[in-house]
Amino acid sequence: MLTEKYADSQWTKPFVATGQLALTLYIAHLVIGRGALEVLEILGNQTLPFAIGSAAIFCICGVIFSHFWTKQFERGPIEWAMRRITG
């Protein structure tokens with residue numbers, strides 16, 4: 001609702017970009033996020049603050065990545081691949 005109300009505002013652009021790369025970020029969450037925790041052997045038995053902190057870090061990184069990615073490319077890498085596959 002906020003991005004619709006403030007569509008021309010600079011502060012909403014990174015969030016709009018994040019929504020445009022939703023599938024890429026979802027895959028990254030599974031492969032990179034969970035994969036990193038698995039490799040570091042810290043996936044199980046974590047505290048709530050660790051889980052919230054990890055999620056917050058991923059979200060912040062996702063917004064930053066999306067913002068800069070969409071400055072160079074029209075679509076995210078997974079979105080681009082899906083569009084090519086499905087025609």
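Residues numbered from 1 in each chain as written. Predicted model: local features only at pLDDT ≥ 70, side-chain atom pairs only at ≥ 80, totals over all residues. Heavy atoms only, no water.

A.B. asks: Would you mind going over the packing of helix α2 (residues 13-20) against helix α4 (residues 48-72) in detail, with residue names and values included?
C.D. replies: In contact at an axis separation of 8 Å, α2 and α4 are set at 90° when each is read in the N-to-C sense. Our classification of the angle between α2 and α4 gives roughly perpendicular. On α4, the residues that touch Pro 14, Phe 15, Ala 17, Thr 18 and Gln 20 of α2 are Gly 62, Val 63, Ser 66, His 67 and Thr 70. When its residues are assigned to classes, the contact of α2 with α4 shows four nonpolar, six polar and no charged. (Axes fitted to C-alpha atoms, helices over the stretch in contact; angles between N-to-C directions. Helix = DSSP H or I, 4+ residues; strand = E, 2+ residues; numbered from the N terminus. Parallel < 35°, antiparallel > 145°, perpendicular 65-115°, else oblique. Contact = heavy atoms within 4.5 Å. Nonpolar A, V, L, I, M, F, W, Y, C, P; charged D, E, K, R; others polar.)

A.B. asks: Give me the lowdown on the state of the cysteines, citing residues and values where you can.
C.D. replies: Tallied over the full model, the rule gives zero disulfides. Of the cysteine sulfurs around Cys 59, a residue in no disulfide, the closest is that of Cys 61, at 9.4 Å. Judged by relative accessible area, which is 48%, Cys 59 ranks as partly exposed. On the accessibility criterion, Cys 61 (45% relative accessible area) is partly exposed. (Disulfide = S-S within 2.5 Å. Buried < 20%, exposed > 50% of the residue type's maximum accessible area, 1.4 Å probe, protein only.)

A.B. asks: Pulling in residues and values, what's your account of α2?
C.D. replies: When we look at burial in α2, the residues that qualify are Pro 14, Ala 17 and Thr 18. The arc enclosing the buried residues of α2, seen along the axis, measures out at 105°, which places them on a common side. Tucked into the core, α2 has its buried residues touching α3 (22-39) and α4. (Arc of directions from axis to C-beta.)

A.B. asks: If you had to explain the side chain of Thr 24 to someone new, which residues and values would you point to?
C.D. replies: Assignment of secondary structure puts Thr 24 in helix α3. If near-sequence neighbours (up to four positions away) are discounted, Thr 24 is found in contact with Phe 65, Gly 76, Pro 77, Ile 78 and Glu 79.

A.B. asks: Run through the pattern of salt bridges, naming residues and quoting values.
C.D. replies: When charged atoms on two side chains of opposite charge get close, those side chains can pair. Scanning the entire structure with this criterion turns up one salt bridge. Two residues, Glu 74 and Arg 75, come together in a salt bridge whose shortest N-O distance is 3.3 Å. (Salt bridge = Lys/Arg side-chain N within 4 Å of Asp/Glu carboxyl O.)

A.B. asks: Give a detailed account of the confidence of the model for the chain, specifying residues and quantitative values.
C.D. replies: Confidence in the prediction for the chain averages 89 pLDDT; 100% of positions are at 70 or higher. Of all secondary-structure elements in the chain, the lowest mean pLDDT belongs to helix α1 (residues 2-5), at 76, while helix α5 (residues 77-86) reaches the highest, 94. (pLDDT = per-residue confidence, 0-100.)

A.B. asks: Can you tell me about the environment of Gln 72, naming the residues and giving the values?
C.D. replies: With respect to the helices and strands, the residue Gln 72 is situated in helix α4. Distance from Gln 72 to Arg 84, taken between C-alpha atoms, is 19 Å for residues twelve residues apart in sequence.

A.B. asks: Could you give an account of the environment of Ile 85, naming the residues involved and the relevant values?
C.D. replies: Checked against the element boundaries, Ile 85 lands in helix α5. Counting along the chain gives 52 residues from Ile 85 to Gly 33, while the straight-line C-alpha distance between them is 26 Å.

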